[in-house]
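Residue-level listing of the chains:
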Amino acid sequence: SKHKNVHVLLPGHEFNLGKLIESNNLHRHTKKQVSVCYMGYIDKRILLEWLLEVVSHESLFLYLIGPVKNSIDISSLFEFSNFEMISPLEGEALQSVLQSMDVCIIPYDIKLENVKACTPNKLFQYIACGKPVVISNMNHLIKLPDKFIYVANSAKEFVDCIIKAYNEDCNKSTTQRIELARQNSWDVRGDQLHLILKSYMKG
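Everything in this summary refers to the structure shown in the same document. (Residues numbered from 1 in each chain as written. Predicted model: local features only at pLDDT ≥ 70, side-chain atom pairs only at ≥ 80, totals over all residues. Heavy atoms only, no water.)

**Considering the environment of phenylalanine 83**
- Its place among the elements puts phenylalanine 83 in strand β3 (residues 83-86).
- Classification of phenylalanine 83 as buried rests on a relative accessible area of 8%.
- Spatially, the C-alpha atom of phenylalanine 83 lies 8.1 Å from that of leucine 64, the residues being 19 residues apart in sequence.
- Apart from the residues within four sequence positions on either side, phenylalanine 83 is in contact with Val55, Phe61, Leu62, Leu64, Ile74, Leu77 and Phe78. (Helix = DSSP H or I, 4+ residues; strand = E, 2+ residues; numbered from the N terminus. Buried < 20%, exposed > 50% of the residue type's maximum accessible area, 1.4 Å probe, protein only. Contact = heavy atoms within 4.5 Å.)

Written as structure tokens, this is what we have:
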């Protein structure tokens, strides 16, 4: 917003960046399958067709972390051997699993009313784990440096972006993502809010 009394605070992350596991800096392009991960509520916001496109490629392995809501039926995914459900995790356990992945995804259906945010809550959690993110072409998506976010407009593009994100990933990009994450923790958001409130109290 352009109104002087309106401030937008982006979502943050709660991960401890001092506890990065060693494998985070060892990119393994010799792996037989690329680990692809979605973390969060598994509900009607997710494009199931895009997930089915992922598991149709044997070179990709899809992980979903989180609770499944009644609004979506993912039973068709269980027919594939390159798919696994992981129970909801949080804190260090979640961070550790995300760090073991290659590419993180946000395949939201942009036609839905409740998918209008410029920054999904999980975005900085993914970035704090050093991972490239493949996302559907959401309205007003924030601009981030090259190789942070790959945007897809279709199921085929989604898979193409996942492969591209994996192939282009490197230690330098991982480090850059983690450095950006340092500036976007919930602690930093709290400091930003404190400064905003302080400025109004002075005024």
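Once you've had a look at it, read on.
**Considering helix α5 (residues 171-182)**
- For α5, which comprises twelve residues, the first-to-last C-alpha distance of 17 Å matches the rise-based estimate of 16 Å (1.5 Å per residue) to within 8%.
- For α5, the full list of buried residues reads Ser173, Thr174, Arg177, Ile178, Leu180 and Ala181. Along α5, the residues classed as buried sweep out an arc of 160° about the axis, all on the same side. (Expected span 1.5 Å × (residues − 1). Arc of directions from axis to C-beta.)

**Comments concerning the environment of tyrosine 126**
- Mapped onto the elements of the fold, tyrosine 126 is located in helix α3 (residues 123-128).
- Overall, tyrosine 126 belongs to the buried group, its relative accessible area being 0%.
- Looking at tyrosine 126, its side chain comes within polar contact range of the main-chain nitrogen of methionine 39, at 3.0 Å. (Polar contact = N/O pair within 3.5 Å; in protein donor to acceptor, adjacent residues only side chain to side chain.)

**Notes on the pattern of salt bridges**
- Evaluated as defined, the whole model comprises five salt bridges.
- The shortest N-O distance in the salt bridge between aspartate 43 and arginine 45 comes to 3.0 Å.
- Owing to a relative accessible area of 16%, arginine 45 belongs among the buried residues under this scheme. (Salt bridge = Lys/Arg side-chain N within 4 Å of Asp/Glu carboxyl O.)

**Some words on the sheet that holds strand β4 (residues 103-106)**
- Spatial ordering of the open sheet is given by β3-β2-β1-β4-β5-β6, a layout of six strands whose pairing is parallel. For this open sheet the edge positions go to β3 and β6 (149-152), each flanked by a neighbour on one side alone. Strand-to-strand twist in this sheet, taken as the mean axis angle between neighbours without regard to direction, amounts to 25°.
- Note: strand β1 (residues 34-39) against strand β2 (residues 60-65), six bridges, orientation parallel. (Pairing = 2+ DSSP bridges. Axes fitted to C-alpha atoms, helices over the stretch in contact; angles between N-to-C directions.)

**A word on the pairing of β4**
- Side chains Val103 and Ile105 project from β4 onto one buried face, and the interleaved Cys104 and Ile106 project onto a second face that is buried too.
- By the bridge criterion, two bridges tie β1 to β4 in an arrangement that is parallel. Each bridged residue has a counterpart across the sheet, and for cysteine 37 the counterpart in β4 is cysteine 104.
- In this structure, β4 lies alongside strand β5 (residues 133-136), joined through three bridges in parallel fashion. Its bridge partner lying in β5, isoleucine 105 is registered against valine 134.

**Topic: the packing of aromatic side chains**
- Within the structure shown, the criterion is met by four aromatic pairs.
- Pairing tyrosine 38 with tyrosine 108 gives two aromatic rings, centres 6.3 Å apart and planes at 70°, and the pair type is edge-to-face. Residue tyrosine 38 is found in strand β1, and its partner tyrosine 108 is found in the loop between β4 and α3; the two are separated by 70 residues along the sequence. By the burial criterion, tyrosine 38 is buried, and tyrosine 108 matches it.
- Ring centres of tryptophan 50 and phenylalanine 158 lie 5.0 Å apart, and the angle between their planes is 40°; this geometry places the pair in the tilted category. Of this pair, tryptophan 50 sits in helix α1 (residues 48-55) while phenylalanine 158 is found in helix α4 (residues 155-168), placing the two residues 108 residues apart along the sequence. (Phe/Tyr/Trp six-rings, centres within 6.5 Å; stacked < 30°, edge-to-face > 60°.)

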